[in-house]
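# An overview of the molecular structure
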Amino acid sequence: MTTPRRRADPSPPPARRLLHRLRSAASGLQTLAYSSKKEGGGGDMGPRNGGSSSNRRPGFVDSSSWRYFDSRVVGITRGDMPRHAWTVLHMLKRKGFAAYLVGGCVRDLLLKRAPKDFDVITTASLQQIKKMVFQRCIIIGKRFPICQVNMYGTKIEVSSFSTNANHVKGSKNIGCSEEFKRYDEGDILLWQNSMKRDFTINRKFRFWFISARILRGLRIAARLGFEFSSETSAAIRELSLSITDIDKARLMMELNYLLSYGAAASSLRLLRKYGLLDFLLPFQAAYMSDQMKDKSNDTDLMLMKLLANLDKLLSADRPCPSCLWLALLTFHSALVNSPHDAQVIRAFAALVYFGSWEGAVNFLNQDIGAPAPFIPETLGPSRSKLENLMEQTSHLASLVKSSVDTLTSIDALQQSLAKYSKASQVSGLVLVSSRERERVLRIFEGLDTDLTSYEGTRGMQEIDYKLLKDGHPGEVRFVLGQVIMDTMSEELPRVSTEYDQLNMEASEDDLADGSRPSLSTFSSKS
């Protein structure tokens, strides 16, 4: 409904493509100005060039910028919409109601991305939707009720213009100026709804009224590579503390949206940038602050490498369950609190990936090069042949299981934060429920016992994204192992470090002949 404001600085590639597509469409499109049905249509809509300067006063609405856009001109066709979304729109229209696709699906369609879901808004009331159109739908939500329609096995959220107008604070004051009295009520509803969905319009009040929009904005920016305007950034920083008033279950849901859809690394960076990581993931916030003391780039940190490799396997239409990124954070926090030999870490990763100790040993016996070093998570190369590799791997698994409490217990969290002097002042939240805790523990089940009897093989080497989305423990373990193995196998650009010195000493003392110790003896306890 409004023309995007052009910024002086260049936009990131996704934003630039979107703006270019909209501007190209606008320049070649014969637009239709909104007309006033109250005045019989075709009435004078005011100056086409935006009106005189005398009209630029508080509350003035430049209706000359209102336009209809044909979706086909901006590259959106009927084929881009799935059957269930099109059917919902058609059934509402057939009953005499106007209906529109709104929200993220429109943005994703413009960017040629597969929308995660499709939301609809209609002129019908919720009661009309249920009685006249979708008798089997259910009305959910207390503060902002919507209809949840099940169409062809897919749930679509349908909201009403009238509900939005009644439940959004200050909406009755919008459009009270004299200019609005000349326009059709339906057109005003469209304009008002568009303004409420725009982050650049009255950004502070939108964040103050619905704090979750702060996290929603970060999610959009993280997934699409967008940037906030300076005004919106300032509002997020000023109101960041307000997210602590949000229900913990809702916070966990928003955090899952940030970390489960292929943008975990960029999401974590934004959460840290705007001071939200201290509240949502306090241990990870303390770790990042400590590691970034003398650095300007975080790409070589093990946590960011893990999340980046997770993102390579996921996307908006191929998400993971929350238990996977929780397991990844748990694994990493265990290493921060108790660093391990890199070979032990690789053995642990191979074990959960291949599903058996024999498979892990076969992997480690391959000539795959030296594991990537990380400080403080990895120790220098072992001076022995790690003859107790099995026991150390099992011990690491037990530490990982214990580290789940860092996400579920405030006492365990504070104990882990004690090593960071500045973090002791942080009043972090514990968002993970006991049910979620059990799901994470199930992933590591059996890894801290006799590994020769451990059996978690899958029989396939490709990710089953349906099983992964459903949180199947075997599939989650498989992906977890792949992410850790990929991270430990990467070559990191670095200058000489303490790890390098240890590596040199180990080579001189124990590996002078240049040979690599065989791991075949680790396949069983002998």
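The rules behind each value
- Residues numbered from 1 in each chain as written.
- Predicted model: local features only at pLDDT ≥ 70, side-chain atom pairs only at ≥ 80, totals over all residues.
- Heavy atoms only, no water.
- Helix = DSSP H or I, 4+ residues; strand = E, 2+ residues; numbered from the N terminus.
- Buried < 20%, exposed > 50% of the residue type's maximum accessible area, 1.4 Å probe, protein only.
- Contact = heavy atoms within 4.5 Å.
- Areas by Shrake-Rupley, 256 points an atom, 1.4 Å probe, with all protein chains shown as cover.
- Pairing = 2+ DSSP bridges.
- Axes fitted to C-alpha atoms, helices over the stretch in contact; angles between N-to-C directions.
- Parallel < 35°, antiparallel > 145°, perpendicular 65-115°, else oblique.
- Left-handed = near helix turned anticlockwise from the far one by under 90°.
- Nonpolar A, V, L, I, M, F, W, Y, C, P; charged D, E, K, R; others polar.
- Salt bridge = Lys/Arg side-chain N within 4 Å of Asp/Glu carboxyl O.
- Phe/Tyr/Trp six-rings, centres within 6.5 Å; stacked < 30°, edge-to-face > 60°.
- Lys NZ or Arg CZ within 6 Å of the ring centre and 35° of its normal.
- Core = buried A, V, L, I, M, F, W, Y, C linked by side-chain atoms within 4.5 Å.
- Domains from an automatic or database assignment.
- pLDDT = per-residue confidence, 0-100.
- Expected span 1.5 Å × (residues − 1).
- Polar contact = N/O pair within 3.5 Å; in protein donor to acceptor, adjacent residues only side chain to side chain.

### Things to note about the overall build of the chain
For the chain, the helix and strand inventory stands at 24 helices and seven strands. Counting every position in the chain, which comprises 526 residues, the buried fraction comes to 48%. Counting only contacts in the chain whose residues sit at least 6 apart along the sequence, the fraction spanning at least 24 positions is 74%. As displayed, the chain has an accessible area near 26,600 Å², and 50% of this comes from carbon and sulfur atoms.

### What to know about the sheet that holds strand β4 (residues 146-151)
In space, the five strands of this open sheet follow the order β1-β2-β5-β4-β3, with mixed pairing throughout. The open sheet has two edge strands with one neighbour each: β1 (99-102) and β3 (138-140). Along the sheet, successive strands turn relative to each other by an average axial angle of 35 degrees, direction set aside. Set on the sheet, helix α2 (residues 83-94) makes contact with β1, β2 (119-122), β4 and β5 (154-160); between it and β5 the angle comes to about 35 degrees.

### Section: the packing of helix α14 (residues 302-311) against helix α23 (residues 473-489)
Axis separation between α14 and α23 bottoms out at 9 Å; the angle between their running directions is 125 degrees. Considering the angle they form, α14 stands oblique to α23. Once α14 is placed against α23, the crossing between them reads as right-handed. Of the residues in α23, those touching α14 at M302, K305, L306, N309 and L310 are V483, I484, D486, T487 and M488. Its residues assigned to classes, the contact of α14 with α23 shows six nonpolar, two polar and two charged.

### Re the pattern of salt bridges
Scanning all chains against the criterion turns up 13 salt bridges. Between R250 and E254 there is a salt bridge, with the nearest N and O atoms lying 3.0 Å from each other. Placement of the pair is R250 and E254 together in helix α10 (residues 248-259), with a separation of four residues, close to one helical turn. What makes E254 buried here is its relative accessible area of 2%. Taking the shortest distance from any N to any O, the salt bridge between R269 and D298 comes out at 2.9 Å. Of the two residues, R269 sits in helix α11 (residues 264-273) while D298 sits in the loop between α13 (282-291) and α14, which places them 29 residues apart along the sequence. Accessibility expressed as a relative area gives 33% for R269, which makes it partly exposed. With relative accessibility at 10%, the residue D298 sits in the buried group. Beyond isolated ion pairs, a larger network of salt bridges with shared partners links R219, R250 and E254.

### Some points on the packing of aromatic side chains
Counted by the stated rule, this structure contains nine aromatic pairs. Measuring from ring centre to ring centre gives 6.1 Å for F283 and Y420, while their planes differ by 65 degrees; the resulting arrangement is edge-to-face. Taken together, the residues F283 in helix α13 and Y420 in the loop between α20 (410-417) and α21 (434-443) connect sequence positions 137 residues apart. Taken individually, F283 and Y420 each receive the classification buried, so the pair is uniform in this respect. Against the face of Y261 rests R223, its NZ or CZ located 4.5 Å from the ring centre.

### Description of the nonpolar core
One finds L218, F348 and I484 to be the most contacted residues of the largest nonpolar core, which totals 105 residues. The element best represented in this core is helix α15 (residues 322-337), accounting for 11 residues. Two domains each donate at least three residues to this core, and these are domain 2 (204-276) and domain 3 (281-489). Discounting residues that sit within four places of it in the chain, F348 has contacts with F331, T393, L396, A397, V400, F444, L447 and I484. The next biggest cluster of nonpolar side chains, apart from the first, holds 26 residues, and it includes I76, L110, F118 and V133.

### A short note on the confidence of the model for the chain
Here the chain shows a mean pLDDT of 78. Residues at 70 or above account for 71%. The low-confidence segment residues 25-59, where pLDDT is below 50, has 48 contacts with residues more than four positions distant or belonging to other chains. Taken as a whole, residues 492-526 scores under 50 in pLDDT and shows 61 contacts with residues more than four places along the chain or in a different chain.

### Re the side chain of E475
Among the secondary structure elements, E475 is positioned in helix α23. The contacts of E475, once residues within four sequence positions are left out, are R458, E462, I463, D464, L467 and L468.

### Details of unusual backbone geometry
With an omega of 15 degrees, the peptide bond between I375 and P376 qualifies as cis. Checked against the element boundaries, P376 lands in the loop between α17 (357-364) and β7 (378-379). In this structure, K112 is a non-glycine residue whose phi angle is positive, near 60 degrees. Within the secondary structure, K112 sits in the loop between α3 (104-110) and β2. Backbone geometry at Y152 places phi at a positive 55 degrees, although glycine is not the residue there. Structurally, Y152 can be placed in the loop between β4 and β5.

### Quick word on the environment of T77
Following the sequence through the fold, T77 ends up in the loop between α1 (13-27) and α2. Since its relative accessible area comes to 39%, T77 is described here as partly exposed. Taking C-alpha positions, T77 is 9.4 Å from L109, a pair spaced 32 residues apart along the chain.

### Quick word on α10
Turn by turn, an α-helix covers 3.6 residues, leaving residues three or four places apart pointing in a common direction. With 12 residues, α10 extends 16 Å from end C-alpha to end C-alpha; this agrees with the ideal 16 Å at 1.5 Å per step. Where α10 is buried, its residues contact α8 (212-224), α11, α12 (277-280), α14, α15 and α21. The N-terminus of α10 is capped by D247, whose side-chain oxygen sits 2.9 Å from the backbone nitrogen of A249.

### Regarding the environment of Y100
For Y100, the location among the structural elements is in strand β1. Under the relative-accessibility criterion, Y100 is labelled partly exposed at 35%. A sequence separation of 21 residues divides Y100 from I121, and the C-alpha atoms of the two residues are 5.4 Å apart. Once residues within four sequence positions are removed from consideration, Y100 is found in contact with L89, D119, V120, I121, F161 and L190.

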